[in-house]
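Listed below, chain by chain, are the residues.
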Amino acid sequence: MSDKKLGDAIAEYLTSIEAGNYRANAGSALKGWEHWLARERDVTHLDSVDVIDCRRYARHLKRQVRDGEVKSSTAHTYYAYVRAFLGFCEADELISRNPAAVSRATAELPEDTADADRQFWSARDRNAILSFMDRRVEEALDGEADVSRERAYRDRALVRLLALTGVRGAEVFRDPADDKRSGIAWDDVDIEGGSVRVFGKSREYEYAQLPRKAADALERYHRVYDPPTPRFPVFPTDHAPSKYRVAREALGEEFSESRVEKLLDENDIDDVIRDHEIVLPAISTRGARNLMKRLCESAGLDIDGEYLKPHGARRGLGHQLYSEGHAELAQSALRHASITTTHESYSNIRASETAERVDDVLDEG
């Protein structure tokens, strides 16, 4: 076994994580746990961490929930980071077992009271935003919209892709904290074949289903926008400073600095990008959320004081398919590895159906 300092082991674990957001969040939680262990348990080395330390940490989290310092779901997330780290150490043979996975440690965790009904796009809200996007395109074609024709087509394709395919936002938009999540490009889209290639949650490339209504919106947007190269992102950023930065970097490999500045001064930035086939970065996940917020405001949609969030589209699609009796179709559409995952995700629907069946049996009696 190892006599590594806990901080060194944590640093080694974080280096092994590819996903930038997860790495940052796990790092923050694990540093907090490390400081708590040193202060409260006088533990500073990896091989000194025992089941009782994890049990006491779980109890500490429970106390924080009771005192209103963190939510129960946050407490469970913090503990999950610790359990994952110690699982990594066990797999690397730095410790003989994962003390955070032992039942007498996890038994001290607070009850997870997180709302199972996290936001999802209801069929009504989904139809409302889709209808609004159609009207916005028509208005843009008539010159009555406050956005360009290209922008109206782009936004409609984006909303239909979210609403109808079951993709995750991080699979189709750029994640600044993860170099491998650069957003989908046009050569990832197979309109005729009805699929789109995405970098999945598993950190492997997968094919998401592309229903006809989503494919049609992408095809019309492609025809209007006419991307300069298949490597161009489907949803490029509209952030002017980002456009100029990328253009300067790309043109700087071919022209002198003075020539680059002259090109940019004398031409529209979008024309320069198109003429030189410069690949822009995709809109970011945060940018997509902000866009959905603006679109919902324009459409007059208020979902309990919120807006239609990108991930809610995925939940809404799965909810409708599952509630209408298509569990296997929901599994396939959401790309769940197991039907068990699908059942667990929509266990509230199963409970409701069970209640109705019990009522029917009791009424017959």
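Residues numbered from 1 in each chain as written. Predicted model: local features only at pLDDT ≥ 70, side-chain atom pairs only at ≥ 80, totals over all residues. Heavy atoms only, no water.

A look at the overall build of the protein chain
Part 1 of the argument: Along the backbone of the protein chain there are 17 helices and 3 strands.
Part 2 of the argument: Across its three principal axes, the protein chain shows a C-alpha extent of roughly 75 × 70 × 40 Å.
Part 3 of the argument: Here the protein chain holds 365 residues, and the buried ones make up 44% of them.
Part 4 of the argument: As presented, the protein chain carries roughly 19,600 Å² of accessible surface, and 43% of it is formed by carbon and sulfur atoms. (Helix = DSSP H or I, 4+ residues; strand = E, 2+ residues; numbered from the N terminus. Buried < 20%, exposed > 50% of the residue type's maximum accessible area, 1.4 Å probe, protein only. Areas by Shrake-Rupley, 256 points an atom, 1.4 Å probe, with all protein chains shown as cover.)

Here we look at helix α1 (residues 6–16)
Part 1 of the argument: Looking only at α1, the buried set comprises L6, G7, A9, I10, Y13 and L14. Down the axis of α1, the buried side of the element spans an arc of 160 degrees, and every buried residue falls inside it. (Arc of directions from axis to C-beta.)

Section: the packing of α1 against helix α2 (residues 20–41)
Part 1 of the argument: Look at α1 against α2: their axes get within 10 Å of each other, and the N-to-C directions meet at 170 degrees. Classified by the angle their axes make, α1 and α2 are roughly antiparallel. Of the residues in α2, those touching α1 at L6, G7, I10, Y13 and L14 are Y22, R23, A26, G27, L30, W33, E34 and L37.
Part 2 of the argument: Residue composition of the contact of α1 with α2, by class: 9 nonpolar, 2 polar and 2 charged. (Axes fitted to C-alpha atoms, helices over the stretch in contact; angles between N-to-C directions. Parallel < 35°, antiparallel > 145°, perpendicular 65-115°, else oblique. Contact = heavy atoms within 4.5 Å. Nonpolar A, V, L, I, M, F, W, Y, C, P; charged D, E, K, R; others polar.)

Some details on the pattern of salt bridges
Part 1 of the argument: For the structure shown, the criterion picks out 29 salt bridges.
Part 2 of the argument: Note that R335 is salt-bridged to E206, the shortest N-O span being 2.6 Å. Linking R335 in the loop between α15 (327–334) and α16 (339–345) with E206 in strand β3 (residues 205–209), this pair joins segments that are 129 residues apart in sequence.
Part 3 of the argument: Judged by its relative accessible area of 17%, R335 is buried.
Part 4 of the argument: The partner of E261 in a salt bridge is R248, and the shortest N-O contact between them spans 2.8 Å. (Salt bridge = Lys/Arg side-chain N within 4 Å of Asp/Glu carboxyl O.)

Quick word on the environment of S28
Part 1 of the argument: Relative to the elements of secondary structure, S28 occurs in helix α2.
Part 2 of the argument: As for S28 and L109, which are separated by 81 residues in sequence, their C-alpha atoms are 20 Å apart.

Side note on the confidence of the model for the protein chain
As a general rule, the predicted coordinates of low-pLDDT regions are not to be interpreted in detail.
Part 1 of the argument: For the protein chain, per-residue confidence averages 90 on the pLDDT scale, and residues scoring 70 or more make up 93% of the total.
Part 2 of the argument: No element of the protein chain has a lower mean pLDDT than helix α17 (residues 347–364), at 65, and none a higher one than helix α7 (residues 149–165), at 97. (pLDDT = per-residue confidence, 0-100.)

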